[in-house]
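Chain and residue survey
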Amino acid sequence: MEFILITGRSLSQGREKEGGKFSEAYRNAVAICELDPQDLEALGIKEGDNVRIRTDFGSVVVKPLPSSQAPHRGIAFIPYGPWASMVTGDETHGTGMPTLKGIRAYIEPTKEPILKLQELYAGRLRVMP
Amino acid sequence: MSLTIANCVCPFCGCCCDDIEVRVQDGRIIGTRNACALGASKFLGYNHDRLPYPTIKVGNEARSVSLDEAIRKAAEILSKADYPAVYGFGSTSLEAITAALDLAEDLGALADNVSTICHGPSLEAVQNIGEVTSTLGVVRHRADLIVYWGSNPLHSHPRHMVRYGPMAKGRFRNGRADRKLVVVDVRRTLTARMADLFLQIKPGTDFEILTALRAYVKEIDLEVEEVEGVSAERIEELAELMMGCRFGTLFFGLGLTMSPGRNRNVEAALALVRDLNALTKFTIIPMRGHFNVEGANSAFTWRTGYPFGVDFSHGYPRYNPGETTFVDALNRGECDAALIVASDPISHLPRKTSERLMEIPTVVLDPHITPTTMAAEVAIPTAQVGIEASGTAYRMDGVPLDLRKLVDPPPGILTDEDVLRRIHRYVSGESP
């Protein structure tokens, strides 16, 4: 299904980033996608399913959640963070500001797992002492 | 024995709440009063995932080294680069930002700050048409109409509504009963649920709605039944509310700056507020995210003439958003090294841009282990400003506030400012 993707601050994103970006709590706070409950139903998402989000800029698997800010049919929200960054756009249209809201996205249910932070960057982060 | 320190400034968001009480015991923070969930998580979580010592990349590992060695290596990377970028600064002190600008100028670097991915478009809009603004104190005491446009303060600035917004108890306006609240957003946010008038609009239609409001304010007939799904009556209702207030303030968030239209959306909002001043008093204030991103813009402006995206490669400052901005320069592969201070761009830049950043050697100053410190060639731990180091921050309305040192940083860990000055001395060939 086609959606308009927006990324933004959420309270738990702001709170959990202070607890460490490699924590499970941070991943639970930001590797998610808030969808309108009716859209969740239309997507046929079952208990335990994740969603794959594809945009012109990339693709990522996150956990779908019924939005607490509904109704917003056709709008998908991902909190700022490394998972959202996998699907945001680098085009700035001459302003310096990349494309972080209002991105066309395709969302489908999947059984694929949500990657851990280190896995997202596929070995490009150093092992810290 | 515990010690309570009153009137601390919170180093989280642009509200810079200055009434925080912090309880310290045995050199550690054990509790806070008055802080919101975000502020409390910062004061209580500052020791999570600390970067314990300086590291230098060796193969696929980061090896711990002495501070001197890390500073020498950092200076070497930055001096050798043709066009290094110097970036970050939303969460450090004004003093550190000015030290970084001194260094950037001598390096002939690209200097940019995190506003480039938050309110950069707002600054471009202000440069184009100006702004009618005020401090938050004036809003608190006088505003009888508060508009949040593309902003969800209950999530992003949790105490804003109580301290400066609809619930604030001011001198002439005493709380919620004395003020009207309008929210314009694409989702029915928690903030929207408290509004007297909530306008839910389609993503990317802010410019059209703002322009329709301007037309109504200027008594130009809309000649249409609806604008982007919003009925002409609703637009009229909101315009009448704005025109009829004694003192209104429009707070706008990244809903305007990040959506299609970007700076043009903000220009439309600035123009609406300007037009409203023909009829009543109205001001506009951006909801700044990090506690000192406003300070970064001010320091950049008084040092270079420009608030962000400054290119020193010609020996004098140049500014051209889209060209001299961090994301664009990285996208084009122009920068061959980067110095990142108090920011985690690898987590927050679009994937393609952060991949570019991971291809070049970086020097990162940060208190914490983040994807950006883990991708660094040289990572240097620093003290957390507002907790382990004092300094100045500018609140979202440009009011300067003193951040306090509440506890000592871990042994051997310096402030951002000290590390930057030492790197600079090395770069200039002086003994550090």
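All values reported here derive from a predicted model rather than from experimental measurement.

Before going further, it helps to spend a moment on the interface of chain B and chain A. Counting residues at the interface gives 68 residues for chain B, matched by 54 residues for chain A. Of the roughly 5200 Å² buried between chain B and chain A, counting both surfaces, carbon and sulfur atoms make up 59%. On the chain B side of the interface with chain A, the three residues burying the most area are R187(B), R262(B) and M374(B), jointly 15% of the side's total. Between the two partners, chain B and chain A, sit 2 salt bridges.

Residue and element names in this part refer to chain B. For the structure on display, the rule yields 2 cavities of 30 Å³ or more. Each pocket or cavity is described by its volume, and for the second largest cavity that value is around 90 Å³. In terms of lining, the second largest cavity is formed by C10, F12, C13, C15, C16, C17, I20, A35, C36, L38, P158 and R159. Looking at side-chain class alone, the lining of the second largest cavity contains 11 nonpolar, no polar and 1 charged residues.

Turning to the pattern of salt bridges, a few remarks are in order. All names here are of chain B. Inspection of every chain in the model, using the stated rule, returns 36 salt bridges over all chains. We note a salt bridge from R234 to E237, for which the minimum N-O separation is 3.3 Å. Note that R234 and E237 are positioned in helix 10 (residues 232-244) at a spacing of 3 residues, about one turn of the helix. Two residues, R318 and D311, come together in a salt bridge whose shortest N-O distance is 2.6 Å. You can call R318 partly exposed: its relative accessible area is 22%.

Across all of its chains, the model carries 7 aromatic pairs over all chains by this definition. The interplanar angle of 55° and the centroid separation of 6.2 Å between the aromatic rings of F89(B) and F300(B) together place this pair among those described as tilted. Of the two residues, F89(B) sits in the loop between strand 6 (84-88) and helix 3 (94-107) while F300(B) sits in helix 13 (residues 293-304), which places them 211 residues apart along the sequence. Judged by relative accessible area, which is 0%, F300(B) ranks as buried. Here the basic side chain of R187(B) rests over the ring of F77(A), its NZ or CZ set 3.9 Å away from the ring centre.

On to helix 1 (residues 37-45) of chain B, then. Three- or four-residue spacings in an α-helix give side chains the same orientation, since the helix completes a turn every 3.6 residues. Counting buried positions along helix 1 of chain B yields 7 of 9 residues, so the element is predominantly enclosed. Of the positions making up helix 1 of chain B, those classed as buried are L38(B), G39(B), A40(B), S41(B), K42(B), F43(B) and G45(B). Looking at the packing, one finds that the buried side of helix 1 of chain B touches helix 1 (11-17) of chain A together with strand 2 (20-25), strand 3 (28-33) and helix 6 (153-156) of chain B.

Residues and elements named next belong to chain B. It is the contact of helix 4 (residues 120-129) with helix 12 (residues 263-276), at a shortest axis distance of 8 Å, that shows an interaxial angle of 50°. Taken together, the axis directions place helix 4 and helix 12 in an arrangement best described as oblique. Here the hand of the crossing between helix 4 and helix 12 comes out right-handed. Where helix 4 approaches helix 12, its residues P121, S122, E124, A125, V126, N128 and I129 are matched on the opposing element by N263, R264, V266, E267, L270, A271 and R274. Here the contact of helix 4 with helix 12 is built from residues that sort into 7 nonpolar, 3 polar and 4 charged.

Before going further, it helps to spend a moment on the pairing of strand 4 (residues 55-58) of chain B. All names here are of chain B. Sheet topology places strand 4 next to strand 5 (residues 61-64); 4 bridges connect them, and they run antiparallel. From the neighbouring strand, I56 faces strand 5, where its bridge partner is R63. Following strand 4, the chain reverses through 2 residues before pairing antiparallel with strand 5; G59 in that reversal takes a positive phi of roughly 65°. Direction of pairing for strand 4 relative to strand 19 (residues 378-380): antiparallel, over a ladder of 2 bridges. Along strand 19, the bridge assignment pairs T55 with A379.

With that settled, consider the packing of helix 9 (residues 206-217) of chain B against helix 12 of chain B. Between two packed helices, the angle of one axis relative to the other and the distance separating the axes together describe the packing. Residues and elements named next belong to chain B. In contact at an axis separation of 9 Å, helix 9 and helix 12 are set at 20° when each is read in the N-to-C sense. Regarding the angle of helix 9 to helix 12, the classification is roughly parallel. Pair helix 9 / helix 12 crosses with left-handed handedness. Residues D206, F207, L210, T211, L213, R214 and V217 of helix 9 form the contact with helix 12, whose participating residues are R264, N265, A268, A269, A271, L272, R274, D275 and L276.

Residues and elements named next belong to chain B. The terminal C-alpha atoms of helix 13 lie 16 Å apart, and with 12 residues this matches the ideal 16 Å at 1.5 Å per residue to within 8%. Most of helix 13 is tucked away: 9 of the 12 residues are buried. On its buried side, helix 13 packs onto helix 3, strand 7 (110-113), helix 4, strand 15 (310-311) and strand 20 (391-394). Where helix 13 terminates, the next one or two residues include G305, which has phi positive at roughly 95°.

Summary statistics for chain A give a mean pLDDT of 93 and a share of 98% for residues scoring 70 or more. Averaged over each element, pLDDT in chain A is lowest for helix 1 of chain A (88) and highest for strand 3 (residues 50-55) of chain A (98).

Okay, the pairing of strand 1 (residues 2-8) of chain A next. Side-chain positions along a regular strand alternate between the two faces of the sheet. Residues and elements named next belong to chain A. With 5 of 7 residues buried, strand 1 is to be regarded as a mostly interior element. Here strand 1 pairs with strand 6 (residues 101-110) via 5 bridges, running antiparallel. Paired with I6 across the bridge in strand 6 is K101. Both strand 1 and strand 5 (residues 75-79) contribute to a ladder of 5 bridges, which runs parallel. What sits directly across from G8, in strand 5, is P79.

Cut-offs and rules
Every residue gets a number counted from 1 within its own chain, in the order that chain's sequence is written. Here chains are named by letter from A upward and ligands by number from 1 upward, in the order in which they appear as written. Side-chain atom pairs in this predicted model are given and counted only at pLDDT of 80 or more, local residue features only at pLDDT of at least 70, and totals for whole chains, interfaces and linings cover all residues. Water and hydrogen atoms were dropped before computing side-chain values, which therefore reflect all heavy atoms in the structure. A contact between two residues is defined here by any heavy atoms of the two lying within 4.5 Å. Buried area: the accessible surface (1.4 Å probe) lost by two parts on joining, summed over both. Salt bridges are defined as contacts in which a side-chain nitrogen from Lys or Arg sits within 4 Å of a carboxyl oxygen from Asp or Glu. Put simply, the grid is 1 Å and covers the protein atoms alone, a cavity is a trapped set of points that fit a 1.4 Å probe, a pocket is an open set with protein on both sides within 12 Å along at least five of seven lines, and lining residues have an atom within 4 Å of a point. Grid points are joined across faces, edges and corners, and a volume is the space filled by probe spheres set on the points. Under this grouping Gly is polar, as are all residues other than the nonpolar Ala, Val, Leu, Ile, Met, Phe, Trp, Tyr, Cys and Pro and the charged Asp, Glu, Lys and Arg. Helix and strand assignments follow DSSP, with helices taken as H or I runs no shorter than four residues and strands as E runs no shorter than two, numbered in order from the N terminus. The cut-offs for exposure are 20% and 50% of the maximum accessible area for each residue type, with area from a 1.4 Å probe on protein chains only; residues under the lower value are buried, those over the upper are exposed, and the others partly exposed. The pairing test for Phe, Tyr and Trp rings, Trp by its six-membered ring, is centres within 6.5 Å, and the orientation test on the planes gives stacked under 30 degrees, edge-to-face over 60, and tilted for anything in between. Placement of a positive charge over a ring is assigned whenever Lys NZ or Arg CZ falls within 6 Å of the ring centre and within 35 degrees of the normal to the ring plane. Each axis is a line fitted through C-alpha atoms, taken for helices only over the stretch in contact, and angles between the N-to-C directions span 0 to 180 degrees. Note on terminology: angles under 35 degrees are roughly parallel, angles over 145 are roughly antiparallel, angles of 65 to 115 are roughly perpendicular, and the others are oblique. Each crossing gets its handedness from the near helix: less than a right angle anticlockwise from the far helix is left-handed, clockwise is right-handed. DSSP bridges decide pairing: two strands pair if at least two such bridges lie between them. The span one expects for a helix is its residue count, reduced by one, times 1.5 Å. A score from 0 to 100, pLDDT tells how confident the predictor is in each residue.

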